[in-house]
2 protein chains.
Amino acid sequence: MTEQTNVTAARLWIVLAKAYGSMAGWVEESIAAEGLGLSDFMVMEALLHKGPLTMTEISRKLLLANASMTSAIDRLERKTLAARTFDGEDRRIRRVALTARGRKLIEAIYKRHEQGLNDLMKDLSETERKAVYRGLKKIGFAAKAATGGKEKQ
Amino acid sequence: MTEQTNVTAARLWIVLAKAYGSMAGWVEESIAAEGLGLSDFMVMEALLHKGPLTMTEISRKLLLANASMTSAIDRLERKTLAARTFDGEDRRIRRVALTARGRKLIEAIYKRHEQGLNDLMKDLSETERKAVYRGLKKIGFAAKAATGGKEKQ
DNA sequence: ATCAGATGTTTCGATATCGAAATAAGATTC
DNA sequence: GAATCTTATTTCGATATCGAAACATCTGAT
């Protein structure tokens, strides 16, 4: 498409889906050697940056169904990379934290991941990054708001 | 984050993943009543806009494994929404086309989909859309190139 | 104090996805 | 013409996901 052609909303959605698919494929390939899938990796990444979180907090953050989160934490526990703990006050709650082993692994992986991302996006100026960031934020908020208040269980 | 803070590559990836997840959730919800999943919908959308395509062309376009494409076309054939045909020259090739019934359905769905997308993105100016479009194109190309030439089978 | 509604997580069964291998067919090299 | 390599699609078995329901627990109203 040319400089003069308008970018339709439909076209933007297609390009968003394609960019995400390509990025997800790249991330998956780069962590495959560690035996982690994309979801497991993103769980560990969230725990690395935000500290221990409840199952529901992680689900919401990653837009996964609660049943999927149960499975993902099962996998991470089985690999002794994360562990569930009880909440001091609310007995329904399970809080998830990285183990020492998990922290060590995700720190190493994340370092390479971050470097790879920097490399991937070196062609975008700071102005371009900000524009994409803001636009995606708007799109994400709008989509979330338009999706019938009912998130995945 | 503030106006002054830089947008890191890592941050941009997270926001991209989140925006995609929200958009995908919205699309899935809006087509659920028609008994279609996201992949099936996107296959039909591709066939609507590009005419009959080979299994491999659709797979590459939607970034799905060829086995997934086999299943998706099986589902669409079972619902008599699409059909495989043989290629005149290359007997390995199966070309997929919408049926009359499928075309009628996807035209109706797509009309609503397009209107919904316009609504979702009405807060983005044309300049903003172009910036997001260009940025996502760059990111998608870079990720594709960086993923070891080996696409999903 | 009791009850109804909401919340958090797990379980269950179903579905969509994938990698690898198998099969058929086309292209290229010798 | 034969052999080898590549391509297109399907099959197989495994995995990750999901919606709905079940269960336990908490909150708020009465």
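Further up the page is the structure itself.
A brief look at the structure comes next. (Residues numbered from 1 in each chain as written. Chains lettered and ligands numbered in written order. Predicted model: local features only at pLDDT ≥ 70, side-chain atom pairs only at ≥ 80, totals over all residues. Heavy atoms only, no water.)

## Overview of the protein's contact with DNA strand D
Stage number 1. Taken together, 24 residues sit near DNA strand D, with Ser39 and Ser68 of chain A together with Thr56, Arg84 and Arg92 of chain B positioned nearest.
Stage number 2. Backbone atoms, meaning sugar and phosphate, make up 69% of the atoms of DNA strand D lying within 4 Å of the protein.
Stage number 3. Glutamate 89 of chain A places a polar main-chain atom, nitrogen or oxygen, 3.4 Å from a phosphate oxygen of DNA strand D.
Stage number 4. Side-chain polar atom of threonine 70 of chain B to a phosphate oxygen of DNA strand D: 2.9 Å apart, as the coordinates give it.
Stage number 5. If you list the elements that add at least two residues to the surface near DNA strand D, you get α4 (66-78) of chain A together with α3 (55-62) and α4 (66-78) of chain B.
Stage number 6. Residue contributions to the surface near DNA strand D peak at four residues, all from α4 of chain A.
Stage number 7. Split by residue class, the surface near DNA strand D holds six nonpolar, eight polar and ten charged. (Near = heavy atom within 4 Å. Polar contact = N/O pair within 3.5 Å; in protein donor to acceptor, adjacent residues only side chain to side chain. Helix = DSSP H or I, 4+ residues; strand = E, 2+ residues; numbered from the N terminus. Nonpolar A, V, L, I, M, F, W, Y, C, P; charged D, E, K, R; others polar.)

## Remarks on the relation of the copies chain A and chain B
Stage number 1. Once chain A is rotated about the relating axis by 180° and shifted along it by 0.0 Å, it coincides with chain B to within an RMSD of 0.0 Å. Such values leave the two copies arranged in the relation of a two-fold axis. Every residue of chain A has its C-alpha some distance from the rotation axis, and the shortest such distance is that of valine 132 of chain A, at 2.3 Å.
Stage number 2. Interface residue correspondence from chain A to chain B reaches 100%, placing this contact among same-surface, isologous pairings. (Least-squares fit on C-alpha atoms with pLDDT ≥ 70 in both. Contact = heavy atoms within 4.5 Å.)

## Some remarks on helix α2 (residues 38-50) of chain B
Owing to its 3.6 residues per turn, the α-helix aligns residues three or four sequence positions apart on the same side.
Residues and elements named next belong to chain B.
Stage number 1. Its 13 residues place the ends of α2 18 Å apart at the C-alpha level, agreeing with the 18 Å of an ideal helix rising 1.5 Å per residue.
Stage number 2. Most of α2 sits out of view: ten of its 13 residues are buried.
Stage number 3. What α2 keeps buried is the set Leu38, Asp40, Phe41, Met42, Val43, Met44, Glu45, Ala46, Leu47 and Leu48.
Stage number 4. Where α2 terminates, the next one or two residues include glycine 51, which has phi positive at roughly 75°. (Expected span 1.5 Å × (residues − 1). Buried < 20%, exposed > 50% of the residue type's maximum accessible area, 1.4 Å probe, protein only.)

## Regarding the protein's contact with DNA strand C
Stage number 1. Around DNA strand C, a shell composed of 25 residues is seen, among which Thr56, Arg84 and Arg92 of chain A together with Ser39 and Ser68 of chain B lie nearest.
Stage number 2. Close to the protein, within 4 Å, the atoms of DNA strand C belong to sugar or phosphate groups at a rate of 68%.
Stage number 3. Backbone polar atom of alanine 65 of chain B to a phosphate oxygen of DNA strand C: 2.9 Å apart, as the coordinates give it.
Stage number 4. Arginine 92 of chain B has a polar side-chain atom sitting 3.4 Å from a sugar or linking oxygen of DNA strand C.
Stage number 5. Secondary structure elements with two or more residues in the surface near DNA strand C: α3 (55-62) and α4 of chain A together with α4 of chain B.

## A closer look at the sheet that holds strand β2 (residues 82-86) of chain A
Residues and elements named next belong to chain A.
Stage number 1. With antiparallel pairing, three strands are arranged side by side in an open sheet as β1-β3-β2. In this open sheet, the two strands that pair with only one neighbour each are β1 (53-54) and β2.
Stage number 2. Bridge count between β1 and strand β3 (residues 94-98): two bridges; the pairing is antiparallel. In the sheet register, leucine 53 faces β3, and the bridge partner there is valine 96.
Stage number 3. This element, helix α2 (residues 38-50), spans β1 and β3 of the sheet and lies at about 85° to β3.
Stage number 4. Those strands touched by α4 are β2 and β3, and its axis lies near 115° from that of β2. (Pairing = 2+ DSSP bridges. Axes fitted to C-alpha atoms, helices over the stretch in contact; angles between N-to-C directions.)

## As for the interface of chain A and chain B
Stage number 1. Facing 64 residues of chain A, the contacting portion of chain B comprises 64 residues.
Stage number 2. Summed over the shared surface of chain A and chain B, the number is two salt bridges.
Stage number 3. For lysine 138 of chain A, the salt bridge goes to glutamate 128 of chain B, with nearest N and O atoms at 3.1 Å.
Stage number 4. When residues of the side of chain A that touches chain B are traced back to their parent elements, those giving at least two are α1 (9-31), α2, α3, α5 (100-120) and α6 (126-146) of chain A.
Stage number 5. Among the elements that line the side of chain A that touches chain B, the one with the most residues is α1 of chain A, at 21 residues.
Stage number 6. Of the residues contributing to the side of chain A that touches chain B, the split by class is 32 nonpolar, 13 polar and 19 charged. (Salt bridge = Lys/Arg side-chain N within 4 Å of Asp/Glu carboxyl O.)

## Overview of the packing of aromatic side chains
Stage number 1. Per the stated rule, a full pass over the model turns up three aromatic pairs over all chains.
Stage number 2. Residues tyrosine 20 of chain A and tyrosine 20 of chain B carry aromatic rings whose centres are separated by 4.2 Å and whose planes lie at 5° to one another, so their mutual orientation is stacked. Here tyrosine 20 of chain B lies in helix α1 (residues 9-31) and tyrosine 20 of chain A lies in helix α1, a pairing that spans two chains. Neither residue differs from the other here; tyrosine 20 of chain A and tyrosine 20 of chain B are each classed as buried.
Stage number 3. Three or more aromatic residues link up through ring pairs in this structure, and these residues are Trp13 and Tyr20 of chain A together with Trp13 and Tyr20 of chain B. (Phe/Tyr/Trp six-rings, centres within 6.5 Å; stacked < 30°, edge-to-face > 60°.)

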